[in-house]
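Examining the three-dimensional arrangement
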Amino acid sequence: MEIVHLLRATTVELGLHSTRFASRNGMHGTDVRALIALMDAARSGEEMTAGRLGAALGLNSAGTTALVDRLERAGRVRRVRGTTDRRTVVVEVDERAVASGRSFFGPLIERTVALFDGYDARERAAIRGFLEGVRDAAAQREET
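Below is a summary of the structure that appears in this document.

1. Details of the layout of surface pockets
- In this structure, the largest pocket spans a volume of roughly 2400 Å³.
- Looking at the largest pocket, it is lined by 46 residues, and the ones nearest its centre are Leu 14, Ile 36, Leu 108, Thr 112 and Leu 131.
- If you list the elements that add at least two residues to the lining of the largest pocket, you get α1 (2-24), α2 (29-43), α3 (50-57), α5 (95-117) and α6 (121-139).
- Here the lining of the largest pocket is composed, by residue class, of 28 nonpolar, 10 polar and 8 charged.
- One number sums up the size of the second largest pocket: a volume of about 180 Å³.

Encoded structure:
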């Protein structure tokens, strides 16, 4: 259980770090999660529609529209035509939002990468497998 408690404490600290970013930038926590989801999709070469974004965040259609409108008004995202299907509207993160996130989260990312680099390939594979397993376990929906 010690590892579970340590993982929970780590999750809390990362959440607090994200909350500080949101607060400093006049954002909601959901706004930050949306930007992360959009950047992850872009990094994977996937286009993210508002519907897919809402599903990823657990929001209904009205909540998703309000979120994207708010982020667009703030200049953090833009709606553009899809590249594979021009009829589709996708949501992209504006470079200014990426730069803002990079300046805030960059030092934490650099410390984390340096820490990870201290492990050999086998240890890194074990850490990756553990984190993927925890992520997948957390993503499972409990039957109610």
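2. Observations regarding the nonpolar core
- If you look at the biggest cluster of nonpolar residues, it comprises 21 residues, and the most contacted ones within it are Met 27, Leu 38, Leu 53, Leu 71 and Val 77.
- Sorting the residues of this core by element identifies α1, α2, α4 (61-73), β2 (89-93) and α5 as the ones contributing at least two each.
- Take this core: its biggest share by element is 6 residues, from α2.
- When residues no more than four places from it in sequence are discounted, the contact partners of Val 77 are Leu 35, Leu 38, Val 68, Leu 71, Glu 72, Val 91, Glu 92, Val 93 and Asp 94.

3. Some remarks on the pattern of salt bridges
- All chains considered together, the criterion is met by 10 salt bridges.
- A salt bridge links Asp 69 to Arg 79; the shortest N-O distance between them is 2.8 Å. With a gap of 10 residues between them, Asp 69 in helix α4 and Arg 79 in strand β1 (residues 77-81) connect regions that are remote in the sequence.
- The salt bridge involving Arg 78 is made with Asp 94; its shortest N-O contact spans 3.2 Å. One end of the pair, Arg 78, is in strand β1; the other, Asp 94, is in the loop between β2 and α5, and 16 residues separate them in sequence.
- Relative accessible area serves as the criterion here: at 32%, Arg 78 is assigned to the partly exposed category.
- A single salt-bridge network, built from bridges that share partners, covers Arg 78, Glu 92, Asp 94 and Arg 96.

Thresholds applied
- Residues numbered from 1 in each chain as written.
- Predicted model: local features only at pLDDT ≥ 70, side-chain atom pairs only at ≥ 80, totals over all residues.
- Heavy atoms only, no water.
- 1 Å grid on protein atoms, 1.4 Å probe; cavity = no way out; pocket = protein on both sides within 12 Å on 5 of 7 lines; lining within 4 Å.
- Points joined across faces, edges and corners; volume = space filled by probe spheres on them.
- Helix = DSSP H or I, 4+ residues; strand = E, 2+ residues; numbered from the N terminus.
- Nonpolar A, V, L, I, M, F, W, Y, C, P; charged D, E, K, R; others polar.
- Core = buried A, V, L, I, M, F, W, Y, C linked by side-chain atoms within 4.5 Å.
- Buried < 20%, exposed > 50% of the residue type's maximum accessible area, 1.4 Å probe, protein only.
- Contact = heavy atoms within 4.5 Å.
- Salt bridge = Lys/Arg side-chain N within 4 Å of Asp/Glu carboxyl O.

Read these as layout, nothing more, since geometry by itself doesn't imply function.
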